[in-house]
Amino acid sequence: VKQVLFYDLSEEIMLERIMKRAETSGRADDNEEAAKKRFKTFKEETMKVIEIFDKKKLVLRIDAQGDIESIYKETKKGLIV
C-alpha cells in the first residue's frame, strides 16, 4: 500500500448528503437509521485500519466539508502516482 485516502467529514454533513442522495437514489439503505448504523460500524471497525496506516504516514486526509470540485482538487493534488 502506497497511500490511503481518508475523506474527513462530520457525521452531520455526511447524513445531510446521504439524505439528499436518497431523494433520487432509490436505495433502500439511504435513510437516517441505516446511515447512523454505517457511521457506528465505520468508527468501530474501519477506523482501526485507518489508524494503522496513519501511524505509517500513509494516510492522505482530505477535508471533505467543501464542494465536490474543491474535494477533487485536494485529492488530485495529494495523490501519489
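Before reading further, recall that the structure is shown in the block above.
A brief structural summary. Everything numeric in this text was worked out from a predicted model, so none of it was measured.

**Here's the deal with the layout of surface pockets**
Moving on, step 1. Its boundaries defined by the atoms lining it, the largest pocket holds a volume of some 320 Å³.
Moving on, step 2. Taken together, 13 residues make up the lining of the largest pocket; nearest its centre are Y7, L9, M14, F39 and F42.
Moving on, step 3. Elements that contribute at least two residues to the lining of the largest pocket include exactly β1 (4–8), α1 (11–25) and α2 (32–55).
Moving on, step 4. Counting residues per element, the lining of the largest pocket draws most heavily on α2, which supplies five residues.
Moving on, step 5. Here the residues of the lining of the largest pocket are counted per class, giving eight nonpolar, no polar and five charged.

**A short note on the packing of α1 against α2**
Moving on, step 1. For the pair α1 and α2, the least separation of the axes is 10 Å and the interaxial angle reads 140 degrees. Viewed along their axes, α1 and α2 adopt a mutual orientation that is oblique. Taken as a pair, α1 and α2 cross one another with a handedness that is right-handed. Contact with α1, carried on its side by E11, M14, L15, I18, M19 and R21, involves E32, A35, K36, R38, F39 and K43 of α2 and no other residues of that element.
Moving on, step 2. Grouping the constituent residues of the contact of α1 with α2 by class yields six nonpolar, no polar and six charged.

**Looking at the environment of E74**
Moving on, step 1. Its place among the elements puts E74 in helix α3 (residues 68–78).
Moving on, step 2. On the basis of relative accessible area, E74 is assigned to the partly exposed category, the value being 36%.
Moving on, step 3. Sequence separation between E74 and M47 is 27 residues, and the spatial gap between their C-alpha atoms is 21 Å.
Moving on, step 4. A distance of 3.0 Å separates the side chain of E74 from the side chain of K77, its partner in a polar contact.

**Considering the pattern of salt bridges**
Moving on, step 1. Taken as a whole and judged by the stated rule, the model has 10 salt bridges.
Moving on, step 2. A salt bridge links D29 to R38, with the nearest nitrogen and oxygen atoms 3.2 Å apart.
Moving on, step 3. A relative accessible area of 31% places R38 in the partly exposed class.
Moving on, step 4. Of the charged contacts in the structure, one is a salt bridge between K77 and E74, with a shortest N-O distance of 3.0 Å. Here K77 and its partner E74 are both found in helix α3, three residues apart, which amounts to about one turn of the helix.
Moving on, step 5. Given a relative accessible area of 62%, K77 falls into the exposed group.
Moving on, step 6. Linked by salt bridges that have partners in common, R21, R27, D29, D30 and R38 make up one network.

Parameters and conventions
- Residues numbered from 1 in each chain as written.
- Predicted model: local features only at pLDDT ≥ 70, side-chain atom pairs only at ≥ 80, totals over all residues.
- Heavy atoms only, no water.
- 1 Å grid on protein atoms, 1.4 Å probe; cavity = no way out; pocket = protein on both sides within 12 Å on 5 of 7 lines; lining within 4 Å.
- Points joined across faces, edges and corners; volume = space filled by probe spheres on them.
- Helix = DSSP H or I, 4+ residues; strand = E, 2+ residues; numbered from the N terminus.
- Nonpolar A, V, L, I, M, F, W, Y, C, P; charged D, E, K, R; others polar.
- Axes fitted to C-alpha atoms, helices over the stretch in contact; angles between N-to-C directions.
- Parallel < 35°, antiparallel > 145°, perpendicular 65-115°, else oblique.
- Left-handed = near helix turned anticlockwise from the far one by under 90°.
- Contact = heavy atoms within 4.5 Å.
- Buried < 20%, exposed > 50% of the residue type's maximum accessible area, 1.4 Å probe, protein only.
- Polar contact = N/O pair within 3.5 Å; in protein donor to acceptor, adjacent residues only side chain to side chain.
- Salt bridge = Lys/Arg side-chain N within 4 Å of Asp/Glu carboxyl O.

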